[in-house]
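# Analysis of the macromolecular model
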Amino acid sequence: MNKRLVVQFKTFAEFYPYYLAEHANPKCRAMHYIGSSLVLAVLAYVLITQQWWGLVLVPVIGYGFAWLGHFVFEHNKPATFKYPAYSLLGDWVMYGQFLQRLVGLKRQSS
């Protein structure tokens, strides 16, 4: 039986290089950035209009764009399946670094 070993990261700092390596494809990263931007737009809309039903769109949009990026461009399983909390944090750290131009759309080297 071939079971994949799941590494246990003790800290987010240990996890984040792994997370970036799982997002080496620029198109996958772009899908994450689009999804995160749309999530923020939906949250702003919900808060301004108080149309609370819009909150159901947040995970659909956020995970939908990210998972599409993994399955279509990166050809790997999203890290959220193994490391949900660290992965969610990784999404927002990578997005913040993208906005600061610390992480971009170039291919991530291993």
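Residues numbered from 1 in each chain as written. Predicted model: local features only at pLDDT ≥ 70, side-chain atom pairs only at ≥ 80, totals over all residues. Heavy atoms only, no water.

### Regarding the overall build of the protein
When helices and strands are tallied, the protein shows four helices and zero strands. Mapped in sequence order, the helices and strands of the protein form the string α-α-α-α. Expressed as a percentage of the 110 residues in the protein, the buried residues total 35%. In the protein, once contacts between residues fewer than 6 apart in sequence are set aside, the share between residues at least 24 apart is 72%. Accessible area for the protein stands at about 7,300 Å²; split by element, carbon and sulfur atoms hold 66% of it. (Helix = DSSP H or I, 4+ residues; strand = E, 2+ residues; numbered from the N terminus. Buried < 20%, exposed > 50% of the residue type's maximum accessible area, 1.4 Å probe, protein only. Contact = heavy atoms within 4.5 Å. Areas by Shrake-Rupley, 256 points an atom, 1.4 Å probe, with all protein chains shown as cover.)

### Some words on the packing of helix H2 (residues 26–49) against helix H4 (residues 84–99)
Packing of H2 against H4 brings their axes to within 10 Å, and their N-to-C directions diverge by 95°. Here H2 is positioned roughly perpendicular relative to H4, judged by the angle of their axes. Contacts from Arg29, His32, Tyr33, Ser36, Ser37, Val39 and Leu40 of H2 reach H4 at Asp91, Trp92, Met94, Tyr95 and Phe98. Of the residues contributing to the contact of H2 with H4, the split by class is seven nonpolar, three polar and two charged. (Axes fitted to C-alpha atoms, helices over the stretch in contact; angles between N-to-C directions. Parallel < 35°, antiparallel > 145°, perpendicular 65-115°, else oblique. Nonpolar A, V, L, I, M, F, W, Y, C, P; charged D, E, K, R; others polar.)

### Considering the UniProt feature "transmembrane region" (unreviewed entry) in the protein
With numbering matched to this structure, UniProt assigns "transmembrane region" (unreviewed entry) to residues 30–48 and 54–73. Secondary structure content for residues 54–73 is 85% helix and 0% strand, and the end C-alpha separation is 28 Å. (UniProt positions renumbered as here; feature names shortened; annotations may be inferred.)

### Some remarks on helix H3 (residues 57–74)
The end-to-end C-alpha distance of H3, which contains 18 residues, comes to 24 Å, matching closely the 26 Å that a straight helix rising 1.5 Å per residue would cover. Along H3, the positions that sit buried rather than exposed are Ile61, Ala66, Gly69, His70 and Glu74. Among the structural elements, H2 are those in contact with the buried residues of H3. Within two residues after H3, His75 carries a phi angle of roughly 60°, on the positive side. (Expected span 1.5 Å × (residues − 1).)

### A look at the environment of Leu38
Along the chain, the position of Leu38 falls in helix H2. Since its relative accessible area comes to 34%, Leu38 is described here as partly exposed. As a C-alpha pair, Leu38 and Leu57 span 19 residues in sequence and 9.7 Å in three-dimensional space. Apart from the residues within four sequence positions on either side, Leu38 is in contact with Ile61 and Phe65.

### Concerning the side chain of His23
Its location among the elements puts His23 in the loop between helix H1 (12–21) and H2. Judged by relative accessible area, which is 1%, His23 ranks as buried. A polar side-chain atom of His23 sits 3.1 Å from a polar atom in the side chain of His70. (Polar contact = N/O pair within 3.5 Å; in protein donor to acceptor, adjacent residues only side chain to side chain.)

### Things to note about the packing of aromatic side chains
According to the stated counting rule, one finds 17 aromatic pairs in the structure shown. Among the aromatic residues, those joined into a cluster by ring pairs are Phe9, Phe12, Phe15, Tyr16, Tyr18, Tyr19, Tyr83 and Tyr86. (Phe/Tyr/Trp six-rings, centres within 6.5 Å; stacked < 30°, edge-to-face > 60°.)

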